[in-house]
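So the chains spell out like this:
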Amino acid sequence: MRASFWLGAALLVSCGFGDNTGGHSHTTTTCGDGVKDGNEGCDDGNQASGDGCSDACSVESANPVCGNGTKEGGEACDDGNTANGDGCSAMCEVQSLCGNGAMDAGEACDDGNTASGDGCSPTCQEEEATACSILPQSGCNTSKPACDLTPADDGTTACREVTAMGTTDSRCSALTGCSAGYSCVGDVGIDSSCMKFCDTDSGCSGTGSRCAFTLVNDDGDPLNVKVCSNACDLYIQVGCPTGMGCIGFDSSGGDFTDCRVMGNKSIGATCASSLECSPGSLCVNDGTARCRAYCKLNQTGSCPSTQTCSAFAATLSIGSTSYGFCH
């Protein structure tokens, strides 16, 4: 038996590779057999990707290039770009779409963020909102120190992160851009600013600041939360966030000031609203509605020499100063 064995080996050695018609056939493609067949770009003897020859026996880059639209070795995905937030990250790793504000597959909710405690979890599953106290600020921890209204805008509260310590003289480009005790009010990134929570005027500070505004949602429904107006100076226009102007409000409970994004109409231009006028002026109808500059009553020089300071129909007094308009 041993002789026959060796005899058989000697006979096989005498044949050249491919001479034995009973061996490998080139008419059948077998990726991974080490033989490059007709429609194969390569065959390195395995079906592993990422080594220059893919699992389908096509030539691939040995060093995967994320964003080329081809899933190469070491890549979990490749969607043809290097943008984050679309399910495949800039590093070609599978990425959750949770937090994009749209309900994607496997999500029970998506509120446009990955915060917990606001009714929609960081993995976009429904959860119980974690309530906290706005006044006084309580119920939160160092990782999420601020109690604020949730993005649901239904009056519910939750703890949130603080990414910028914005106060009453700050614009906010994100809901997390205000300090604890303040909220980003307005269209975020357009006319939004940090406003202080309050329940009485004593909770506000600065001349002209009052607990004057009740927050409402996008439908105009009150949220039963009040914020302070901004203490600012009507005449010299200081105390407002960048890009906003100080305006006065007549109120039976006490006149007050606040900040608004103003227009660019110059003094004397016709107007339909004070918000069309440039900072330091307001729309006054004294026969024709025009933008008029604020002035201080009974103070010489608060108007140009050719103009006089006239009182409003209802006296506007901020602290000990009474204001009018130049005409």
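Computed from a predicted structure; not experimentally measured. (Residues numbered from 1 in each chain as written. Predicted model: local features only at pLDDT ≥ 70, side-chain atom pairs only at ≥ 80, totals over all residues. Heavy atoms only, no water.)

Colleague: Can you walk me through the overall build of the chain in this structure?
Modeller: Scanning the chain for helices and strands turns up 1 helix and 12 strands. A burial count over the chain gives 33% of its 327 residues as buried. The contacts of the chain with a sequence gap of at least 6 include a subset with a gap of at least 24, amounting to 29%. Here the chain displays about 18000 Å² of accessible surface, and carbon together with sulfur accounts for 52% of that area. (Helix = DSSP H or I, 4+ residues; strand = E, 2+ residues; numbered from the N terminus. Buried < 20%, exposed > 50% of the residue type's maximum accessible area, 1.4 Å probe, protein only. Contact = heavy atoms within 4.5 Å. Areas by Shrake-Rupley, 256 points an atom, 1.4 Å probe, with all protein chains shown as cover.)

Colleague: Sorry if this is basic, but what is going on with the pattern of salt bridges here?
Modeller: Any two side chains of opposite charge can pair, on the condition that their charged atoms come close. As enumerated under the stated definition, the model contains 5 salt bridges in all. Across the pair Arg-292 and Asp-286 runs a salt bridge whose closest N-O atoms are separated by 3.4 Å. Given a relative accessible area of 15%, Arg-292 falls into the buried group. Judged by relative accessible area, which is 35%, Asp-286 ranks as partly exposed. (Salt bridge = Lys/Arg side-chain N within 4 Å of Asp/Glu carboxyl O.)

Colleague: Could you clarify how one ought to interpret the pairing of strand E12 (residues 321-326) in this entry?
Modeller: When a strand is regular, its side chains alternate between the sheet's two faces. In the sheet, strand E10 (residues 289-296) pairs with E12 via 3 bridges, with the strands oriented antiparallel. Looking across to E12, one finds that Lys-296 is bridged to Tyr-323. Relative to E12, strand E11 (residues 309-318) runs antiparallel, the two sharing 6 bridges. Note that in E12 the partner of Ile-318 across the bridge is Thr-321. (Pairing = 2+ DSSP bridges.)

Colleague: Looking at this structure, I do not really get the sheet that holds E12. What am I missing?
Modeller: The pairing of strands in a sheet happens through backbone hydrogen bonds and is either parallel or antiparallel. Taken in spatial order, the 4 strands of this open sheet run E9-E10-E12-E11, and their pairing is antiparallel. Pairing within the sheet leaves two strands with one partner each, and these edge strands are strand E9 (281-285) and E11. Strand-to-strand, the axes of this sheet are offset by a mean angle of 40°, without reference to chain direction. (Axes fitted to C-alpha atoms, helices over the stretch in contact; angles between N-to-C directions.)

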